[in-house]
Amino acid sequence: MIEQGHALPQTTLSELTADGMVTHHSDTLFADKKVVVFAVPGAFTPTCSAAHLPGYVALADKIKAKGVDAIACVSVNDAFVMKAWGEAHNASEIMMLGDGDASFTKALGLDMDTEGFGGIRSQRYAMIVENGIVTTLLVEAPKTFEVSKAEVILEKL
């Protein structure tokens, strides 16, 4: 599993924007920036939709006021699903990034197999990345939602 002080692995993430599909390479997406990344097991799932994403939507301005250049939500869903989920939650200040093949999630070592329920998914986590280096990593224990909340990340900034 990735650790604090380590560089993010070189992979890609997809984002559907008003201009079409964008493939982000992690080495350029996180270069020369301070980015808050949070990951969820799945778009439109109960905790993710009721609390995790909405918390970041509500606190986006306060998080960015702490010198954060971007806030990114990652899920092992495709970019079309991520865009629809973001629109459903008015997440215009958050990059909704699809990790459709779980390559980013697996490279981080933060994947989990939910077997028949959904297959390979991301563990729930939040991290602060500065110039491609993980400076803070908060990984939830299974079936919990405590350390990756927007309020916790705001305190860590």
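Reading the values: rules and limits
- Residues numbered from 1 in each chain as written.
- Predicted model: local features only at pLDDT ≥ 70, side-chain atom pairs only at ≥ 80, totals over all residues.
- Heavy atoms only, no water.
- Helix = DSSP H or I, 4+ residues; strand = E, 2+ residues; numbered from the N terminus.
- Contact = heavy atoms within 4.5 Å.
- Phe/Tyr/Trp six-rings, centres within 6.5 Å; stacked < 30°, edge-to-face > 60°.
- Buried < 20%, exposed > 50% of the residue type's maximum accessible area, 1.4 Å probe, protein only.
- Core = buried A, V, L, I, M, F, W, Y, C linked by side-chain atoms within 4.5 Å.
- Expected span 1.5 Å × (residues − 1).
- Bend = angle between axes of the 7 residues up to and from the residue.
- Pairing = 2+ DSSP bridges.
- Disulfide = S-S within 2.5 Å.

1. Details of the side chain of serine 49
Right, so step 1: If you trace the backbone, serine 49 turns up in helix H2 (residues 46–64).
Right, so step 2: Aside from chain neighbours lying at most four places away, what touches serine 49 is Phe44, Pro54, Trp85 and His89.

2. Overview of the packing of aromatic side chains
Right, so step 1: In the structure shown here, the tally under the stated rule is two aromatic pairs.
Right, so step 2: Ring geometry for phenylalanine 38 versus tyrosine 56: centroids 3.9 Å apart, planes at 5°, classification stacked. Residue phenylalanine 38 is located in strand S3 (residues 34–40), and its partner tyrosine 56 is located in helix H2; the two are separated by 18 residues in the primary sequence. Of the two residues, phenylalanine 38 and tyrosine 56, both sit in the buried class.

3. Regarding the nonpolar core
Right, so step 1: Counting residues in hydrophobic clusters, the biggest one holds 25 residues, and the most contacted among them are Phe38, Tyr56, Ile63, Ile71, Trp85 and Ile94.
Right, so step 2: For this core, the elements supplying multiple residues, two or more each, are S3, H2, strand S4 (70–75), helix H3 (79–88), strand S8 (125–130) and helix H5 (150–156).
Right, so step 3: Considering every element that reaches this core, the biggest residue donor is H2, with six residues.
Right, so step 4: Grouped together as the second largest cluster of nonpolar side chains are 21 residues, Leu8, Leu29, Phe104 and Met127 included.

4. Quick word on unusual backbone geometry
Right, so step 1: Backbone geometry at aspartate 32 places phi at a positive 55°, although glycine is not the residue there.
Right, so step 2: With respect to the secondary-structure elements, aspartate 32 resides in the loop between helix H1 (26–29) and S3.
Right, so step 3: The exposed category is assigned to aspartate 32, whose relative accessible area is 70%.
Right, so step 4: Residue lysine 143 is not a glycine yet carries a positive backbone phi of 60°.
Right, so step 5: Lysine 143 gets classed as exposed once you look at its relative accessible area, which sits at 89%.

5. Some points on H2
Right, so step 1: Here H2 contains 19 residues, and its C-alpha end-to-end distance of 26 Å stays within 8% of the 27 Å for a straight helix at 1.5 Å per residue.
Right, so step 2: Maximal helix bending in H2 amounts to about 50°, located at alanine 58.
Right, so step 3: Three or more residues of H2 are buried, namely Cys48, Ser49, His52, Leu53, Gly55, Tyr56, Leu59, Ala60 and Ile63.
Right, so step 4: Contacts made by the buried residues of H2 are with S3, S4, H3, strand S5 (95–98), S8 and H5.

6. Re the pairing of S3
Right, so step 1: Burial of S3 is extensive: seven of the seven residues sit out of reach of the surface.
Right, so step 2: With burial as the criterion, each face of S3 is covered, one bearing Lys34, Val36, Phe38 and Val40 and the other bearing Val35, Val37 and Ala39.
Right, so step 3: Relative to S4, S3 runs parallel, the two being bridged by six bridges. Considered in S4, the bridge of valine 35 is made with alanine 70.

7. Things to note about the state of the cysteines
Right, so step 1: Tallied over the full model, the rule gives zero disulfides.
Right, so step 2: No disulfide involves cysteine 48; its sulfur sits 7.9 Å from that of cysteine 73, the nearest cysteine.
Right, so step 3: We classify cysteine 48 as buried; its relative accessible area is 1%.

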